[in-house]
Amino acid sequence: QLQTSYNTLTKERDHLKEELNKQTCEWRRFKSSLYYLSTEKKSWTESRQDCLGRGAHLVIINSKEEQEFIHGWSECLDIYLGFHDTNTEGVWEWINDGALGQSSAPGTTYWRDGEPNDANQGEDCAQLSKQVSDPLKSWNDIPCTTNIHWMCEKTTSTL
Ligand code: MAN
Ligand code: CA
């Protein structure tokens, strides 16, 4: 009987170890932040909510180096950024998720040529789009209801 519970516990331990590893490996460090690249696809609002649930916020891009890092990592995926013009059409802003992610002045933007175009007057959320040749021209506005991948960020101050 002891042998049986020993075997069960060993199995359980290995399973938990694996789960922990998986979770840790979903995050990558760059400078003073940790980034999470989703495996699922969700709407912008659900993506934002998912990040908050992880003690993080949808990614806020503050520098050219950060843009290049995120572009390089998500190269094969379209991902949501924490950037939107849902409050006032044409006025783009970073999310403000309080202590987790401070709203900041737009700063430098990395739109694809011709974007943001608010196609069919229905595109208020920014994605970083895949397979563009210029890593400094990869943002596009899309309808916030589109299900795509997303990236969360945790900054050192909130770790
Ligand atoms: C698609 C969408 C739009 C984008 C155009 C660019 O229609 O991704 O958001 O502006 O392509 O051609
Ligand atoms: Ca667009």
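Residues numbered from 1 in each chain as written. Chains lettered and ligands numbered in written order. Predicted model: local features only at pLDDT ≥ 70, side-chain atom pairs only at ≥ 80, totals over all residues. Heavy atoms only, no water.

(A) Layout of the nonpolar core. Residues Ile-61, Ile-70, Tyr-80, Leu-81, Phe-83, Trp-139 and Met-151 are the most contacted members of the largest nonpolar core, which totals 34 residues. Residue assignment for this core shows that the elements contributing at least two residues are β2 (33-37), α2 (44-53), α3 (64-73), β4 (79-88), β5 (91-94), β6 (125-128), β7 (139-142) and β8 (149-155). Residue contacts for Phe-83: discarding those within four places in its chain leaves Trp-44, Trp-92, Glu-93, Trp-94, Pro-106, Thr-109, Trp-111, Asp-124, Cys-125, Ala-126 and Trp-139. (Core = buried A, V, L, I, M, F, W, Y, C linked by side-chain atoms within 4.5 Å. Buried < 20%, exposed > 50% of the residue type's maximum accessible area, 1.4 Å probe, protein only. Helix = DSSP H or I, 4+ residues; strand = E, 2+ residues; numbered from the N terminus. Contact = heavy atoms within 4.5 Å.)

(B) Structural context of the packing of aromatic side chains. Scanning the model with the defined rule gives 12 aromatic pairs in all. A centroid spacing of 4.5 Å and a plane angle of 5° characterise the contact between Phe-30 and Phe-69, whose relative ring orientation is stacked. Separated by 39 residues along the polypeptide, Phe-30 in strand β1 (residues 27-30) and Phe-69 in helix α3 bring together distant segments of the chain. Arranged with centres 5.6 Å apart and planes meeting at 80°, the rings of Trp-111 and Trp-139 form a pair that is edge-to-face. Pair noted here: Trp-111 is in the loop between β5 and β6 and Trp-139 is in strand β7, with a separation of 28 residues, a long-range link. Exposure remark for Trp-111: the relative accessible area of 13% places this residue in the buried category. Each member of the aromatic cluster is reached from another via a ring pair, and the members are Phe-83, Trp-92, Trp-94, Tyr-110, Trp-111 and Trp-139. In this structure, Arg-54 packs its charged tip against the face of Tyr-36, placed 3.9 Å from the ring centre. (Phe/Tyr/Trp six-rings, centres within 6.5 Å; stacked < 30°, edge-to-face > 60°. Lys NZ or Arg CZ within 6 Å of the ring centre and 35° of its normal.)

(C) Structural view of the pairing of β8. Of all 7 residues in β8, 6 are buried, a share of seventy percent or more. Pairing of β2 with β8, which is carried by 5 bridges, proceeds in the antiparallel orientation. Its bridge partner being in β8, Leu-34 is matched across the sheet by Lys-154. The pairing of β4 with β8 spans 2 bridges and is parallel. Across the sheet, Ile-79 pairs through a bridge with His-149, a residue of β8. (Pairing = 2+ DSSP bridges.)

(D) Highlighting the environment of Glu-115. Along the chain, Glu-115 falls in the loop between β5 and β6. In this structure Glu-115 comes out as buried when scored by relative accessible area, which is 16%. When the C-alpha atoms of Glu-115 and Cys-125 are compared, they prove to be 12 Å apart, with 10 residues separating the residues in sequence.

(E) Summary view of the site of ligand 1. Close to ligand 1 lie Arg-112, Glu-115, Asn-117, Glu-123, Asn-140, Asp-141 and Ile-142. Within the side chain of Glu-115, an N or O atom sits 2.6 Å from an oxygen atom of ligand 1. In this structure, Glu-123 approaches ligand 1 through a side-chain N or O atom, which is 2.5 Å from an oxygen atom. Against a free-state accessible area of 310 Å², the protein chains account for coverage of 49% of ligand 1. Here the shell around ligand 1 is built from residues that sort into 1 nonpolar, 2 polar and 4 charged. (Near = heavy atom within 4 Å. Polar contact = N/O pair within 3.5 Å; in protein donor to acceptor, adjacent residues only side chain to side chain. Areas by Shrake-Rupley, 256 points an atom, 1.4 Å probe, with all protein chains shown as cover. Nonpolar A, V, L, I, M, F, W, Y, C, P; charged D, E, K, R; others polar.)

(F) Looking closely at the side chain of Ser-129. In this structure, Ser-129 sits in the loop between β6 and β7. Among the polar contacts listed, one links the side chain of Ser-129 to the side chain of Arg-112, at a separation of 2.8 Å.

(G) Quick look at the coordination of the calcium ion (ligand 2). Taken together, the protein ligands of the calcium ion (ligand 2) are Glu-115 (OE), Asn-117 (OD1), Glu-123 (OE), Asn-140 (OD1), Asp-141 (O) and Asp-141 (OD), with distances of 2.3 to 2.6 Å. Within one chain, the residues serving as donors to the calcium ion (ligand 2) are arranged as E-x1-N-x5-E-x16-N-D. Highlighted residues: Glu-115 in the loop between β5 and β6 and Asp-141 in strand β7, separated in sequence by 26 residues. Looking at Asp-141, the relative accessible area reads 1%, which means it is buried. (Donors = N, O, S within 2.8 Å, 3.2 Å for Na, K, Ca; no water.)

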